[in-house]
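So the chains spell out like this:
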2 protein chains.
Amino acid sequence: MAIFYTPDILQNPYLPEEESAHCVRVLRLGDGADIELIDGKGHFFRARIVQAHPKHCQVEILETTEDHSAPCFAHIAVAPTKNPDRIEWFVEKATEVGIGGFAFIHSRYSERKNLKLERMDKIVVAAMKQSMKAIKPVLQDLTDFRKLVVQPFEGQKYICHCNPGKKPLLNNVCRPGTPVLVLIGPEGDFSPEEVTLAMDNGFKPVSLGDTRLRTETAAFVVAHIVQLKNMQE
Amino acid sequence: MAIFYTPDILQNPYLPEEESAHCVRVLRLGDGADIELIDGKGHFFRARIVQAHPKHCQVEILETTEDHSAPCFAHIAVAPTKNPDRIEWFVEKATEVGIGGFAFIHSRYSERKNLKLERMDKIVVAAMKQSMKAIKPVLQDLTDFRKLVVQPFEGQKYICHCNPGKKPLLNNVCRPGTPVLVLIGPEGDFSPEEVTLAMDNGFKPVSLGDTRLRTETAAFVVAHIVQLKNMQE
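Residues numbered from 1 in each chain as written. Chains lettered and ligands numbered in written order. Predicted model: local features only at pLDDT ≥ 70, side-chain atom pairs only at ≥ 80, totals over all residues. Heavy atoms only, no water.

Observations concerning helix H7 (residues 215-229) of chain B
1) Next: With 15 residues, H7(B) should cover 21 Å at 1.5 Å per step; its first-to-last C-alpha distance of 22 Å lies within 8% of that length.
2) Next: In terms of burial, H7(B) is largely enclosed, as 14 of its 15 residues are buried. (Helix = DSSP H or I, 4+ residues; strand = E, 2+ residues; numbered from the N terminus. Expected span 1.5 Å × (residues − 1). Buried < 20%, exposed > 50% of the residue type's maximum accessible area, 1.4 Å probe, protein only.)

Quick notes on unusual backbone geometry
All names here are of chain A.
1) Next: Here Arg28, not a glycine, exhibits a phi torsion of approximately 55°, which is positive.
2) Next: For Arg28, the position within the fold is in the loop between helix H1 (17-26) and strand E2 (34-38).
3) Next: Residue classification places Arg28 among the exposed positions, given a relative accessible area of 72%.
4) Next: Residues other than glycine seldom take positive phi values, yet Asp189 does so here, at roughly 70°.

Notes on the packing of aromatic side chains
1) Next: Throughout the structure, instances matching the rule amount to 10 aromatic pairs over all chains.
2) Next: Judged by centre distance (6.4 Å) and plane angle (5°), the ring pair of Phe102(A) and Phe104(A) falls under stacked.
3) Next: Exposure remark for Phe102(A): the relative accessible area of 3% places this residue in the buried category.
4) Next: Taking the centre distance of 5.7 Å and the plane angle of 55° together, the rings of Trp89(B) and Phe220(B) count as tilted. One end of the pair, Trp89(B), is in helix H2 (residues 84-97); the other, Phe220(B), is in helix H7, and 131 residues separate them in sequence. With respect to class, Trp89(B) is no different from Phe220(B); both count as buried.
5) Next: Aromatic ring contacts, followed pair by pair, group Trp89(A), Phe220(A), Trp89(B) and Phe220(B) into a single cluster.
6) Next: The cationic tip of Lys93(B) hangs over the ring face of Trp89(A); the distance from NZ or CZ to the ring centre is 5.0 Å. (Phe/Tyr/Trp six-rings, centres within 6.5 Å; stacked < 30°, edge-to-face > 60°. Lys NZ or Arg CZ within 6 Å of the ring centre and 35° of its normal.)

Examining the environment of Gln58(B)
Residue and element names in this part refer to chain B.
1) Next: Among the structural elements, Gln58 can be located in strand E4 (residues 58-66).
2) Next: When its relative accessible area of 23% is taken as the criterion, Gln58 is described as partly exposed.
3) Next: Each C-alpha atom, one on Gln58 and one on Pro192, is 55 Å from the other, the two residues being 134 residues apart in sequence.
4) Next: Among residues more than four places away in sequence, those in contact with Gln58 are Pro13, Tyr14, Arg48, Ile49, Val50 and Gln51. (Contact = heavy atoms within 4.5 Å.)

Geometric values such as these leave the question of function open.
See the structure below:
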């Protein structure tokens with residue numbers, strides 16, 4: 001069944017303009033058709049089209065279900081990659097496996113100093129629909145590294161960098177049950193000063209193993225490790 | 001330093017034609033320049049260019065190092081996705097995190113019945129260079145599902161499918177230290193008959209959690225779980 005993203009549906013029984021167009025113009029659904037909705041705040045809805053307007057499609061909610069899947073504890077802060085496809089891929093895949101939030105960082109050796117947050121938002125919503133998730137991960141726009149590391153965060157804090165030194169495996173030290181914020185270095189890695197600043201603010205250096213991973217692969221692998229730690233049968 | 005893939009370098013001290021062109025024409029490296037080589041069979045080499053020929057670049061090996069990283073136990077059999085980018089992405093990422101082999105399957109509900117194996121091979125080699133891996137994963141061309149499940153395989157065998165029934169989490173049942181072959185269903189999933197045939201041939205059904213993953217995401221997540229199980233500090 002077709003699924004639509006309707007963040008305000010509990011206040012306002014209309015699909016947003018873009019979703020209305022997709023529903024009525026593209027999928028040609030008409031009055032009386034049953035559809036599914038997610039609000040990004042933890043609710044699934046079964047709904048029926050009352051008036052199939054291509055800009056303001058009105059619906060009636062038939063049934064509300066809460067998302068009972070385990071909470072997503074991973075929060076990943078990563079620099080946008082030189083090739084935007086790569087970071088977009090990470091955003092799609094991490095949303096699919098489950099993530100609590102994305103933050104984008106501007107650090108000293110970042111290859112890219114800008115980010116299309118709206119595009120990231122669309123990728124997140126598409127991946128939520130694909131993987132049937134009713135809770136939307138938080139998206140934080142490009143933030144200076146020095147500001148990001150001093151933001152309050154209740155939970156475990158780690159930093160992935162390639163500078164020398166012995167680091168424990170994230171998979172061995174990450175604990176289930178609490179949020180985890182992980183900083184992922186850009187293609188040019190974090191500077192030694194940035195690593196020191198992060199450590200001074202409670203971030204512990206961790207390793208992802210002895211393989212050299214691309215920025216977006218490291219970011220995804222971290223999100224997956226945190227999900228695995230919190231997965232129950 | 002520039003790195004080149006030279007599968008026959010121990011027998012033949014020349015870069016292959018394509019690598020010669022890249023080395024001499026694109027990177028404009030000349031006689032006496034130092035380069036790195038991998039042979040895909042477990043060796044890294046430091047080498048020097050003896051004759052910078054754009055088709056048959058001759059080199060002298062200065063130093064040979066063996067790849068001492070942990071063996072990659074994951075073998076993933078997956079149907080090519082409708083959109084080839086998606087399966088290519090999986091091949092790149094799995095090579096980066098480490099994988100023993102890829103097999104491509106043609107199953108009843110496969111969306112795509114063909115595969116450009118040569119293109120997959122190039123993606124594997126590029127990802128090996130990127131992530132500094134000297135052992136090349138095995139690539140098995142498109143094989144009928146019924147043939148693949150009866151192939152001999154020494155190790156653990158699992159199947160991921162979305163048909164109903166309680167399945168343990170792969171992350172809970174997968175054991176370290178032995179090869180693992182995992183069958184990943186196509187976008188249209190395996191048919192019930194295919195699942196039965198696999199189980200009759202020793203494949204145990206497993207789950208990846210309660211999220212709905214795309215084919216290529218499931219394949220990658222499985223490769224990563226097997227790597228994590230075998231990772232040591």
